[in-house]
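Secondary and tertiary structure notes
Here are the chains, one letter per residue:
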Amino acid sequence: MQCRMPPPINDDQLSEALDGVAEHAVLKHLAICPHCTERLRAARTLEQQLTGTLYRWDCPTPDLLAQYATSELSAEATARMTNHLNVCVRCQGELNDFYAMFAAKETTVMPTVRPFAQAARYARLMLGQATVLRGAGAGPIIAEAGDVTIFLDIQPRTDGLASLQGQLVATDQAHWEGALVELRQHGALVATIVIDALGSFTCAALPYGTTELRVTALKGTMIVLMNLNIAAFGS
Amino acid sequence: MSSAAHLSTEELARLCATETAKFNRHEPSDTQFCFELFRRALTDGAPDAFTAVYRVYERQVQHWVVRHPQFTFAQESPEYFASQAWSKFFFALRGAKFAGFASLPQVLRYLRQCTFTAVTLYMRDQQRGQTISLEQQASIAQTPDLMERVDAEQVASRVAAILPGEHDRLLAHCVFVEQLRPREIMQAYPGYWADERAISIDLYRIRRILRHDYTLRQLLGVSNNT
């Protein structure tokens, strides 16, 4: 393939087009020349791959930054960290965040709840799909969120409580090992469980009522299963 | 062994909540009950003890979340970050690992660090998400961290090898690794460039060099020459 309107646009013009500051003539050229449009596409892919691959690749984890700030690192690790901080504006900023967060004296204060927080969380943390409940009745409850399926078996106990046996199955099962399960009723925490290597979790005694089940993986992914009616499914 | 060790988890939870309330009122308080509750939750893996400490410190952790300077820019609720902090905390200290902690303040300091980590990691991901395509995000999500790092190390070495000077390598780091804007680069490195325009000119030259390097394109899996 050759340029339809020689001379082909040059490298700096390609960069201008990628930055969205290209002149009209360059945009006109790109509109009618498949060869130069292809070059632009390749240049864009290369820069996206470059930034995607290199983004903070050599930065320490926030845990290490915290250990540095609290002088918990070895002398060697401290020296490495100091060298990195000398050339990394982002890590310097995070370290300042740490100091600001820890500068406050210990007191318990009710946090301000944002009006948009709930919607933002649920909209984005369902892994892009609505959670689906099916199988209400005698069988287990099956909830799906993206590539994750949660099976819940709720059995009534003789003392007016219910027991819950859960199983999380995912394409990347290891991602969910150690994930924290929180069970809440009317916003109050009623039980916490940690998912084992096989994806199982059990709550021996759960009061009846509308329950929210939240699973938080160590890497931050969260699945929320709302309005789980323990009485309806358990009885 | 402290007297707390003989108490039931229920009684410990009650005393831990009482002593925490005293602490919050700046009155003298006894830390042994909360510490024993944490020990049972983490060393013994007792879920009822973990639920109890979670309840006692739930608001405190959320308070730490909102104190993180970047929380203002996050689109998530305090509960979201608090859940992550608890999850990291439990995973890091469960079993024998808790033995390294001798006092309640130490444990709480670590819990606070986990809160910092949860918000900071989220902000890093958000920043990264702004600069890469959806296809890349999917591929990164499926790539184990170690491989990702090896790739990045090779790419960074190649970039360093083909850029002629120290200034260029610094600018490439600012732009491709830290994703700083010219204005931020000027602030971070005063005197290195005359103005933002000078940064742009240098950057165009760097992009030209990178774009035409066959090895770099191979490493990044981009075959077409530009």
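Going by the structure above, here's the rest.
In this report, we go over the structure that sits alongside the text. (Residues numbered from 1 in each chain as written. Chains lettered and ligands numbered in written order. Predicted model: local features only at pLDDT ≥ 70, side-chain atom pairs only at ≥ 80, totals over all residues. Heavy atoms only, no water.)

1. Topic: the state of the cysteines
Note the cut-off: Two cysteine sulfurs form a disulfide in these notes if their separation is within 2.5 Å. For the exposure calls, accessible area comes from a 1.4 Å probe over protein chains only, and a residue counts as buried if that area is under 20% of its type's maximum, exposed if over 50%, partly exposed in between.
Tallied over the entire structure, the rule returns one disulfide over all chains. This cysteine, Cys-91 of chain A, is not joined by any disulfide, and Cys-59 of chain A carries the nearest cysteine sulfur, 3.7 Å off. The class for Cys-91 of chain A is buried, based on a relative accessible area of 0%. Of all cysteine sulfurs, the one in Cys-34 of chain B lies closest to Cys-114 of chain B, which takes part in no disulfide; the gap is 17 Å. For Cys-114 of chain B, a relative accessible area of 2% translates into the label buried.

2. Quick notes on the interface of chain B and chain A
For the record, the criterion: Any two residues having at least one pair of non-hydrogen atoms within 4.5 Å are treated as being in contact. By buried area we mean the combined loss of accessible area, with a 1.4 Å probe, across both parts when two parts are placed together. By convention in these notes, a salt bridge is any Lys or Arg side-chain nitrogen within 4 Å of a carboxyl oxygen on Asp or Glu. Distance and chemistry together define a polar contact, namely a pair of N or O atoms within 3.5 Å, with one atom able to donate a hydrogen and the other to accept it when in protein, and with adjacent residues in sequence counting only for side-chain atoms on both sides. Helix and strand definitions here come from DSSP, where helices need a minimum of 4 consecutive H or I residues and strands a minimum of 2 consecutive E residues; each element is numbered from the N-terminal end. Nonpolar residues are Ala, Val, Leu, Ile, Met, Phe, Trp, Tyr, Cys and Pro. Charged residues are Asp, Glu, Lys and Arg, and all others, Gly as well, are polar.
On the chain A side, the residues contacting the 84 residues of chain B number 82 residues. Roughly 7900 Å² is buried in total at the junction of chain B and chain A, and carbon and sulfur atoms are behind 56% of that figure. Joining chain B to chain A, the criterion identifies seven salt bridges. One salt bridge in this structure joins Arg-211 of chain B and Glu-47 of chain A, with 3.2 Å as the shortest N-O distance. Counting the contacts that link chain B with chain A gives 32 residue pairs in polar contact (both at pLDDT 80 or more). Sorting elements by how many residues they give to the side of chain B that touches chain A places helix α5 (residues 104–131) of chain B first, with 14 residues. In the side of chain B that touches chain A, the residues fall into 33 nonpolar, 29 polar and 22 charged.

3. Some points on the packing of aromatic side chains
What counts here: Ring geometry is summarised as follows: Phe, Tyr and Trp rings, the Trp one being its six-membered ring, pair when their centres sit within 6.5 Å, and such pairs are stacked at plane angles under 30 degrees, edge-to-face over 60 and tilted between the two. Consider the ring centre and the ring normal. A charge sits over the ring if Lys NZ or Arg CZ is within 6 Å of that centre and within 35 degrees of that normal.
One pass over the structure, following the stated rule, counts 20 aromatic pairs over all chains. Relative to Tyr-122 of chain B, the ring of Tyr-80 of chain B has its centre 6.2 Å away and its plane inclined at 75 degrees; by these criteria the two rings are edge-to-face. Of the two residues, Tyr-80 of chain B is situated in helix α4 (residues 78–93) and Tyr-122 of chain B in helix α5; the sequence distance between them amounts to 42 residues. The two residues Tyr-80 of chain B and Tyr-122 of chain B agree in class, both being buried. Taken together through their ring pairs, the aromatic side chains of Phe-35, Phe-38, Phe-50, Tyr-54, Tyr-57, Trp-86, Phe-89, Phe-90, Phe-98, Phe-101 and Tyr-110 of chain B make up a single cluster. Taking the ring centre of Phe-91 of chain B as reference, the NZ or CZ of Lys-97 of chain B above it sits at 5.8 Å. Arg-112 of chain B extends its terminal NZ or CZ atom over the ring of Phe-102 of chain A, reaching a point 4.6 Å from the ring centre.

4. Thoughts on the layout of surface pockets
Definition in use: Throughout, the protein atoms alone are placed on a 1 Å grid, and a set of points is a cavity if a 1.4 Å probe fits but cannot get out or a pocket if it is open with protein on both sides within 12 Å along at least five of seven lines; lining residues have an atom within 4 Å of a point. Grid points are joined across faces, edges and corners, and a volume is the space filled by probe spheres set on the points.
Empty space within the second largest pocket amounts to approximately 900 Å³. Lining the second largest pocket are 32 residues; nearest its centre among them are Asp-19 of chain A together with Val-175, Leu-180, Leu-203 and Arg-207 of chain B. Mapped onto the lining of the second largest pocket, the elements with two or more residues apiece are α1 (11–19) and α3 (34–54) of chain A together with α5, α8 (166–177), α9 (182–188) and α10 (196–211) of chain B. The dominant element in the lining of the second largest pocket, judged by the number of residues it contributes, is α10 of chain B, at nine residues. Class assignment for the residues of the lining of the second largest pocket results in eleven nonpolar, nine polar and twelve charged.

5. Points about the pairing of strand β3 (residues 148–156) of chain A
Taken residue by residue, a regular strand's side chains alternate between the two faces of the sheet. Residue and element names in this part refer to chain A. Quick note on the threshold: A pair of strands counts as paired when DSSP detects no fewer than two bridges linking them.
With five bridges connecting them, strand β2 (residues 141–145) and β3 associate as antiparallel partners. By the bridge assignment for β3, Ile-142 is matched with Phe-151. Two strands pair when backbone bridges link them, and β3 and strand β4 (residues 161–170) are joined in this way by nine bridges, in the antiparallel orientation. Bridge pairing links Ile-150 to Leu-168 in β4. Linking β3 to β4, which pair antiparallel, is a turn of four residues; within it Gly-160 sits at a positive phi near 85 degrees.

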